[in-house]
Amino acid sequence: MADTSITKVDSAHSPKGPEGEKYLASGAQVSMRLWENEEPGDAKEPTSRPYETVGYVLKGRAELHLEGQVVVLEPGNSWVVAKGASHTYKILETFSAVEATAPPAQVHGRDK
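Okay, so let's go over this structure. (Residues numbered from 1 in each chain as written. Predicted model: local features only at pLDDT ≥ 70, side-chain atom pairs only at ≥ 80, totals over all residues. Heavy atoms only, no water.)

## Here's the deal with unusual backbone geometry
Item 1. A cis geometry characterises the amide bond from alanine 102 onward to proline 103, with omega recorded as -5 degrees.
Item 2. Within the element layout of this structure, proline 103 appears in the segment after β6 (87–102).
Item 3. Within the chain, asparagine 37 stands out as a residue other than glycine whose phi angle is a positive 55 degrees.
Item 4. As for its placement among the helices and strands, asparagine 37 is situated in strand β2 (residues 31–38).
Item 5. For asparagine 37, a relative accessible area of 37% puts it in the partly exposed group.
Item 6. Despite not being glycine, glutamate 67 shows a phi value in the positive range, around 50 degrees.
Item 7. Turning to its location among the elements, glutamate 67 is positioned in the loop between β3 (52–66) and β4 (69–73). (Helix = DSSP H or I, 4+ residues; strand = E, 2+ residues; numbered from the N terminus. Buried < 20%, exposed > 50% of the residue type's maximum accessible area, 1.4 Å probe, protein only.)

Quick look at the structure:
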């Protein structure tokens, strides 16, 4: 029998992660998180993660630095960061985006 459970998450009450992200709905294979009103600043050191990330820009602008390439992310844009790819973000204007990670970033210390 298929899993018929429903998970509803109100972002106003979502737990926050170590970088300020809000954890949204999470399943066994994928999870969502919200980056809300991130302020402009210098890019952090590049990192690579043991999960794939797809994202969608709600507002603001940021640069995604990915394996030597740079793309500007603006409202309505979506992007993919492959598992293990070296990347970082530089926020250019107050930025909000939704990301999905597979497998879930916050499980088993994957986001450290």
